[in-house]
Amino acid sequence: MSLNILIVDDCPIMRMVIRRTLNMCEFELGEVIEAGDGKEGLDWMKTIDFDFVVADLNMPVMTGAEMIATMRTDPKTDAIPVLAVSAESNDSRVNVISSLVNGFVHKPFRVEVLRDKIFKVLSKEAIIVKPKAEQ
Amino acid sequence: MVMNKLEQKKGTKASYADLVKEIAFKTFETTCYMFPLGEWELDDSEDMEKPDGSIRAIVEFDGATDGGLVISTTPHLLESIAANMLGIEAPSREVKEGALGEIANIICGNTVPGFAHNNEICYIRPPRIARESENFDEIYIDKASEHVEVILDEGIAHITIYYKAEATR
């Protein structure tokens, strides 16, 4: 099964880093789409059925938190696992965001940490089966 | 996280600079595989090229405190940041600017909560490349500031954070 993945980040460089990390993962990728803000991300979700979303929080137009909150109210998108990737360091905001998402990676991060977190979220949601040796 | 470190260091002006520098080193090390020079190497750093301010990224913030964080690097360091973040050679100007903005975003996002009173929320705005005409010492004339020089094995970065002093602890 190939996975359709949406990357939502206003920074093209970070989208490239996340895409590079996804390519390091050993699962089959389907459509990997990049969006520059939450609104663009929601628009893509109307046209493609995504298996997983990696989203920044601090974005113009529509923040990641707003996008995720909207996703959770729509039956078409409410079950899509979301991994939040952010430099947000305010504990109360991180706690609020963490309650809405399936995983949180704090910037700065090593790509290996992001890769492991992606595996963890997708394994927990039974979207992929991680090889036993890596569990 | 940041607050805990600041709790340990609170009070002195130097501690804010120390905090910015510590976060900057961690960001460069984790994101770009760049490391601070050892103490025994710092004498040699006097001969290293310094940023001339021709390319600067700024991240503005508001909420519990407001201000901006400005970072500038040497051309060589800028190229290395982008190349190391993406694992590519000869990054384009657009990629280099984006990489510098993201580094500024990460440093700012980790630093600013330490400048806000009682851990109240600050909103970090998206990074942008500063216009040549922007003089941040004038724009933020009513703000306190901390300036740090970050000396890495790949080059030198200058970081200045401007913030509303009364919002700090």
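Residues numbered from 1 in each chain as written. Chains lettered and ligands numbered in written order. Predicted model: local features only at pLDDT ≥ 70, side-chain atom pairs only at ≥ 80, totals over all residues. Heavy atoms only, no water.

1. Structural notes on the pattern of salt bridges
In this structure the tally under the stated criterion is 20 salt bridges over all chains. In this structure, E102 of chain B and K107 of chain A form a salt bridge, with 2.8 Å as the shortest nitrogen-oxygen distance. Of this pair, E102 of chain B sits in helix α4 (residues 93-111) while K107 of chain A sits in the loop between β5 (103-106) and α5 (111-124), which puts the two residues in different chains. K107 of chain A matches E102 of chain B in its accessibility class, with the two residues each being buried. A salt bridge links R115 of chain A to D116 of chain A; the shortest N-O distance between them is 3.4 Å. Residue classification places D116 of chain A among the partly exposed residues on the basis of a relative accessible area of 37%. (Salt bridge = Lys/Arg side-chain N within 4 Å of Asp/Glu carboxyl O. Helix = DSSP H or I, 4+ residues; strand = E, 2+ residues; numbered from the N terminus. Buried < 20%, exposed > 50% of the residue type's maximum accessible area, 1.4 Å probe, protein only.)

2. Some words on the interface of chain B and chain A
Between chain B and chain A, the contact holds 30 residues from the first and 23 residues from the second. Across the interface of chain B and chain A, roughly 2,200 Å² is buried in total on both sides, 57% from carbon and sulfur atoms. Across the contact surface, chain B and chain A share 1 salt bridge. Connecting chain B to chain A are 8 residue pairs in polar contact (both at pLDDT 80 or more). Elements supplying a minimum of two residues to the side of chain B that touches chain A: α2 (13-32), α3 (75-86), α4 and β3 (122-124) of chain B. Tallying contributions element by element places α4 of chain B first for the side of chain B that touches chain A, with 8 residues. Split by residue class, the side of chain B that touches chain A holds 15 nonpolar, 10 polar and 5 charged. (Contact = heavy atoms within 4.5 Å. Buried area = accessible area lost by both parts, 1.4 Å probe. Polar contact = N/O pair within 3.5 Å; in protein donor to acceptor, adjacent residues only side chain to side chain. Nonpolar A, V, L, I, M, F, W, Y, C, P; charged D, E, K, R; others polar.)

3. Describing the packing of helix α1 (residues 12-24) of chain A against α3 of chain B
The geometry of α1 of chain A relative to α3 of chain B is characterised by a closest axis approach of 9 Å and an angle of 30 degrees between their N-to-C directions. By the angle between their directions, the pair α1 of chain A and α3 of chain B is classed as roughly parallel. Between α1 of chain A and α3 of chain B, the contacting residues are I13, M14, M16, V17 and R20 of chain A on the first element and N84, M85 and L86 of chain B on the second. Its residues assigned to classes, the contact of α1 of chain A with α3 of chain B comprises 6 nonpolar, 1 polar and 1 charged. (Axes fitted to C-alpha atoms, helices over the stretch in contact; angles between N-to-C directions. Parallel < 35°, antiparallel > 145°, perpendicular 65-115°, else oblique.)

4. What to know about the nonpolar core
Grouped together as the largest cluster of nonpolar side chains are 66 residues, with contacts concentrated most on F28 and I81 of chain B. Top contributing element to this core by residue count: α2 of chain B, with 9 residues. Dropping the residues within four chain positions of it, I81 of chain B is found in contact with F28, C32, M34, T73, A99, L100 and I103 of chain B. I48, F50, L57 and V82 of chain A belong to the second largest nonpolar core, which has 23 residues in total. (Core = buried A, V, L, I, M, F, W, Y, C linked by side-chain atoms within 4.5 Å.)

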